[in-house]
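What follows is each chain in one-letter form.
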Amino acid sequence: MTERVPWDDLPAGLRAAIEDKTGAVTASTSVTQGLNCTTAQVITTRGNGPLFLKGVRDTDLDGAAALRWEEHLNDTVGGISPTIRHAVRVGGWYCLLFVYVDGRNADLSPGSKDLDAVAFTIGRMHRLRTPDICIPPLADRFTGYLMPGEAEALAGGTHLLHTDTNPHNIMISSGTAYIVDWAMPAVGPEWVDAAYTAVRLMEYGHAPASALAWLRRIPSWRSADPKAVEALVSATCRRWSAVVGARGSAASNKRFQQLVA
């Protein structure tokens, strides 16, 4: 289980720096889910109301890099992801304080009432501008697993992508879906997040026909270049097979292959 440092165990200097921005913290509740942070909690503040606090030690290079992506992209993904109110770097810690979304993780199972909200938000993501910072191309993730022509096919889009729309990164609040944790962004074809989400639907119990029917609701998918889709599927399956072996990757690869079936 990921170590989670509660509010009272954070360095006094860090707590003081946070309260200097938010007002006194009157209550805190640790959040246990998620992998990329050392402290994660909902704090109640006198000046800013409830906030979601997420932070890592500076020595956690991967975790700090993930938080930097979230901070850099927050203005771009406003309205789709909760707004960052404050960023604090004190005493060897890096913390972000987000507007608190009072919600729950999305239910991606068959028949879920969340599926419409998720589709609507995924559709809104297609209209995000690509920020003027250097975001790695999606094809770079598959270096060593691409066949000739596949990198070019995946380079056919310059849209900002989230790339990890698992249900822990989709919050439902008052019927609206919010996509959180923009820690692994890429640029690529605009339909990629929708395709990844359809694969998640299969993972959570949808038959392929059901997941693909949901996917066809997304305009960008209906105009996706078949060669680019095949490149994504083939490279994903090759990479996952190399990481966990043929047996371990079989179920996931079968779900991805439904995108070109």
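The model shown is predicted, which means the values in this text are computed figures rather than measured ones.

## Looking at helix H1 (residues 12–22)
All of the buried residues along H1 are Leu14, Ala17, Ile18 and Thr22. Around the axis of H1, the buried residues are gathered within 125 degrees of arc, so they sit on the same side. The exposed set on the far side of H1, more than 90 degrees from its buried face, consists of Ala12 and Asp20. Close packing links the buried residues of H1 with strand S1 (25–30), strand S2 (39–45), strand S3 (49–57), strand S4 (84–90) and strand S5 (93–99). Gly23 lies just past H1 and shows a positive phi near 85 degrees.

## A word on the sheet that holds S5
The strand order across the open sheet built from 5 strands is S1-S2-S3-S5-S4, with neighbouring strands paired in antiparallel fashion. Of all the strands in the sheet, the pair left with one neighbour each is S1 and S4. Strand-to-strand twist across the sheet, computed as the mean angle between neighbouring axes with direction ignored, equals 25 degrees. In the sheet, S3 pairs with S5 via 7 bridges, with the strands oriented antiparallel. Along S5, the bridge assignment pairs Gly55 with Cys95. Where H1 meets the sheet, its contacts fall on S1, S2, S3, S4 and S5, and the angle it forms with S4 comes to roughly 150 degrees. Where helix H2 (residues 61–73) meets the sheet, its contacts fall on S3, S4 and S5, and the angle it forms with S5 comes to roughly 35 degrees.

## Thoughts on the sheet that holds strand S6 (residues 104–105)
Taken together, 3 strands build an open sheet; the order of strands is S6-S8-S9 and the sheet is antiparallel. Pairing within the sheet leaves two strands with one partner each, and these edge strands are S6 and strand S9 (176–179). When strand S8 (residues 170–173) meets S9, the two strands line up antiparallel, connected through 4 bridges. The residue of S9 that forms the bridge with Met171 is Tyr178.

What counts and what doesn't
Residues numbered from 1 in each chain as written. Predicted model: local features only at pLDDT ≥ 70, side-chain atom pairs only at ≥ 80, totals over all residues. Heavy atoms only, no water. Buried < 20%, exposed > 50% of the residue type's maximum accessible area, 1.4 Å probe, protein only. Helix = DSSP H or I, 4+ residues; strand = E, 2+ residues; numbered from the N terminus. Arc of directions from axis to C-beta. Contact = heavy atoms within 4.5 Å. Pairing = 2+ DSSP bridges. Axes fitted to C-alpha atoms, helices over the stretch in contact; angles between N-to-C directions.

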